[in-house]
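So you can see what is in the structure, the chains are spelled out below.
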Amino acid sequence: MLCLPVLAGLAGTLLPAFGYLPALGGTQVTFRHFEALADQPHILRSALISLSAGLTSTFVALIVVATFVAGFAGTRSFAFIQHLLSPLLAVPHAASAFAIAFLIAPSGFLLRIISPELTGFTRPPDWLIPNDPLGLSMMSGLIAKEVPFLLLVMLAALPQLPVANARRLMTALGYNRVSGFAIALWPLLYRQVRLPVFAVLVYSTSVVDVAMILGPQLPPTLPVRIARWLADDDIGTRFLASAGAVLQLALGLLAITIWLGVERLGRICHRRLSSSGKRLVGDGFLRLAAASVMAVSAAFIFIGLGLLALWSVAGFWPFPDRLPTSLTLKTWDRALGALAAPLATTVAVALLSSLVALAIAIGLLSRSAHRSADRWLPVFLPLLVPEIAFVFGLQILAAMVGFSPSIATVAAVHLVFVLPYVLLSLGPPWRALDRRYEQIASGLGKSPLAILVTIRLPMLLRACLTAFAVGFAVSISLYLPTVLIGAGRVTTITTEAVALSSGGDRRIIGVYALLQALLPFLGFLVASLVPQLLFRHRRAMRI
């Protein structure tokens, strides 16, 4: 069910790229659209920025999280930063990008704190931050969001490893925490998280919303240029967009190929380090650096979200004042009328796609929970193929079949992306449940369906609600599928917030971005409170 939309979408992208789209007069196979793509100004630079941003942000995030886990697993600092970073999973990418932009902009909060005393600035400097040509601001935004996700993935994989025994053994052999973890446990851990790492890599090379907010503009990244060609009034640019989507697909494959080369290089380094006998005693700096990067990335987003809230109620706030001169609700009053329809659509699409995804995930796990990650690969295919490489094809196919943009069609496309995350979230607790409960019920004559409804689902209610909240948050954060399949008729809070990024009104941006960030938190709040209320008289069920 998930492979077919991806494969059909790829077909709907590849055929127009080679000139075949009868609806627009393309009936012959041709390469002229790729020639037109090659003639686009600075197209190579756009592609290289996308590739370098994806590889760099994924590599940095993975190294930081791996070093932190190696140096602090089992300590109080580990638990503190784990709880600090966990809420960031609920923050959509666009909202976190706005949060970082409000901090690092030339008139942002960081420069206001030290101006004019340390800088001498009485007006914002003419700095191209964010939207710097090298994409450094975009990389920082991607790293800030990838770190908590990779940490969650590693936390789910750690219980499957002999961490305590390996650590005692490596300590007895004279290794420090980081080098001992790298030699004894990292190959086993990386094998468990390899698939999510590939998903992060592909997403980072093809991201649109974060690139529009924080990325370079002259020229923009390749995914942003493709999205603009798709939105062009000239329908002939659809062929050019298809050729660009094929280039983006090739870029994703190139990124994975380069990453496989990095893996081989890392394997050689690991083998040499293991056989060299070097103990590498001092790891204090590495541990401190990893913990600092993770804490700073979390602090940036949390402070940025606070700034979104402050800007949404700010009155006159000139530079370099640290705080606004007055607070007002006029911006909210002005925005509420326009917010009603996108807000209702956002919630409806997220609820529909998340509920269906949860039902499908329960069905899959109840029948084959023993499957390994490799056998679940078709389910994760939508995460391993760039969005723009197949969602655009789905848009063309939907138009050819006659599907009109609606909440149902957008929710169906959201389901393709929501289900893998729901399955990733629900799978570990589903497999960890003690099967003896079900064996006892089976011995008492209960049918498999009755055991599922009366035993397993009540005991896994918190896990099911958490998986639903994860799917709800993923649906809210989806930008490109909503824009393409909705065709401008189905608008959500996310699409409206990203559209506002090109404007200069920080107050209205603060309203939309803050609301976009609050909706996922409400989903996780429900997932936390409902078990507390239902099982208030059963202490063990509230854990």
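Further up the page is the structure itself.
My aim in this report is to walk through the structure given alongside it, one point at a time. Since the structure is predicted, the reported quantities are computational estimates derived from the model, not experimental observations.

## What to know about the overall build of the protein chain
Scanning the protein chain from terminus to terminus reveals 24 helices and 2 strands. Radius of gyration (C-alpha) of the protein chain: 24 Å, near the 24 Å computed for a compact globule of 543 residues. Its C-alpha atoms give the protein chain principal-axis dimensions of about 65 × 65 × 55 Å. Within the protein chain, the fraction of its 543 residues that count as buried is 50%. Counting every atom, the protein chain has about 25000 Å² of accessible surface; 67% of that belongs to carbon and sulfur. Side-chain charges in the protein chain split into 40 positive and 20 negative, and the spacing between the mean points of these groups amounts to 16 Å.

## Topic: unusual backbone geometry
That bond from S115 to P116 is cis: its omega, -5 degrees, falls within 30 degrees of zero. In this chain, L218 is followed by P219 through a cis amide linkage whose omega measures -5 degrees. Among the structural elements, P219 can be located in the loop between α11 (209–214) and α12 (222–230). Although it is not a glycine, H42 sits at a positive phi angle of roughly 60 degrees. Relative to the helices and strands, H42 is located in the loop between α2 (32–38) and α3 (43–72). Unusually for a residue other than glycine, N131 sits at a positive phi of about 70 degrees. Note that N131 resides in the loop between α6 (109–114) and α7 (136–157).

## A closer look at the layout of surface pockets
Taken as a whole, the second largest pocket encloses approximately 1000 Å³ of empty space. As for the second largest pocket, its lining consists of 40 residues, and the residues nearest its centre are Q395, V483, L484, I485 and A487. Those elements that provide at least two residues to the lining of the second largest pocket are α1 (3–17), α12, α17 (387–401), α18 (407–432), α22 (480–486) and α23 (493–499). Sort the elements by how many residues they give to the lining of the second largest pocket and α17 lands first, with 8 residues. Within the lining of the second largest pocket, the residues separate by chemical class into 31 nonpolar, 6 polar and 3 charged.

## Focus: the environment of A298
Take A298: it is sitting in helix α14 (residues 284–312). Residues A298 and A144 lie 154 residues apart in sequence; the distance between their C-alpha atoms is 7.0 Å.

## So, the pattern of salt bridges
Scanning the entire structure with this criterion turns up 5 salt bridges. Measuring nitrogen to oxygen at the nearest pair gives 4.0 Å for the salt bridge that ties D505 to R334. Here the residue D505 occupies a position in the loop between α23 and α24 (506–534), and R334 occupies one in helix α15 (residues 330–368), the gap between them amounting to 171 residues. The closest approach of N and O atoms between R435 and E438, which form a salt bridge, is 3.8 Å. Several salt bridges converge on common partners, so that one network encompasses R435, E438 and R456.

## Quick look at the packing of aromatic side chains
What characterises a pair of aromatic rings is the spacing of the ring centres plus the angle enclosed by the ring planes. Applying the stated criterion across every chain yields a total of 11 aromatic pairs. Between F390 and F417, the aromatic rings sit 5.7 Å apart at their centres with planes inclined by 25 degrees, giving stacked as the arrangement. Remark: F417 occurs in helix α18 and F390 occurs in helix α17; sequence separation between them is 27 residues. Of the two residues, F390 and F417, both sit in the buried class. Through a chain of ring-to-ring contacts, the aromatic side chains of F18, F31 and F34 assemble into a single cluster. The side chain of R287 reaches across the aromatic face of F72, ending 4.7 Å from its centre. Here the guanidinium or amino end of R506 rests over the ring plane of F102, the centre of that ring lying 5.6 Å away.

## Describing α14
For α14, built from 29 residues, the straight-helix expectation of 42 Å at 1.5 Å per residue is met to within 8% by its first-to-last C-alpha distance of 42 Å. Looking only at α14, the buried set comprises A290, A291, M294, S297, A298, I301, G304, L305, L307, L308, W311 and S312.

## Some remarks on a nonpolar patch on the surface
A grouping of F59, V60, I63, L254, I258 and V262 is seen on the molecular surface, where their side chains present a nonpolar patch of about 440 Å² in accessible area. Listed by contribution, the elements that provide at least two residues to the nonpolar patch are α3 and α13 (237–276). On the secondary structure map, V262 appears in helix α13.

## Section: the nonpolar core
Among the nonpolar cores identified, the biggest contains 131 residues, and F68, V69 and M294 are the most heavily contacted of them. The leading source of residues in this core is α3, at 15 residues. L365, L415, L426 and L433 belong to the second largest nonpolar core, which has 26 residues in total.

Conventions and cut-offs
- Residues numbered from 1 in each chain as written.
- Predicted model: local features only at pLDDT ≥ 70, side-chain atom pairs only at ≥ 80, totals over all residues.
- Heavy atoms only, no water.
- Helix = DSSP H or I, 4+ residues; strand = E, 2+ residues; numbered from the N terminus.
- Rg over C-alpha atoms; globule rule 2.2 N^0.38 Å.
- Buried < 20%, exposed > 50% of the residue type's maximum accessible area, 1.4 Å probe, protein only.
- Areas by Shrake-Rupley, 256 points an atom, 1.4 Å probe, with all protein chains shown as cover.
- Lys, Arg positive; Asp, Glu negative; His and termini not counted.
- Charge placed at Lys NZ, Arg CZ, Asp CG, Glu CD.
- 1 Å grid on protein atoms, 1.4 Å probe; cavity = no way out; pocket = protein on both sides within 12 Å on 5 of 7 lines; lining within 4 Å.
- Points joined across faces, edges and corners; volume = space filled by probe spheres on them.
- Nonpolar A, V, L, I, M, F, W, Y, C, P; charged D, E, K, R; others polar.
- Salt bridge = Lys/Arg side-chain N within 4 Å of Asp/Glu carboxyl O.
- Phe/Tyr/Trp six-rings, centres within 6.5 Å; stacked < 30°, edge-to-face > 60°.
- Lys NZ or Arg CZ within 6 Å of the ring centre and 35° of its normal.
- Expected span 1.5 Å × (residues − 1).
- Patch = residues over 30% accessible without salt bridge, like charges linked within 9 Å, V, L, I, M, F, W, Y side chains within 5 Å.
- Core = buried A, V, L, I, M, F, W, Y, C linked by side-chain atoms within 4.5 Å.

Everything listed here is a matter of coordinates, which is why it stays silent on function.
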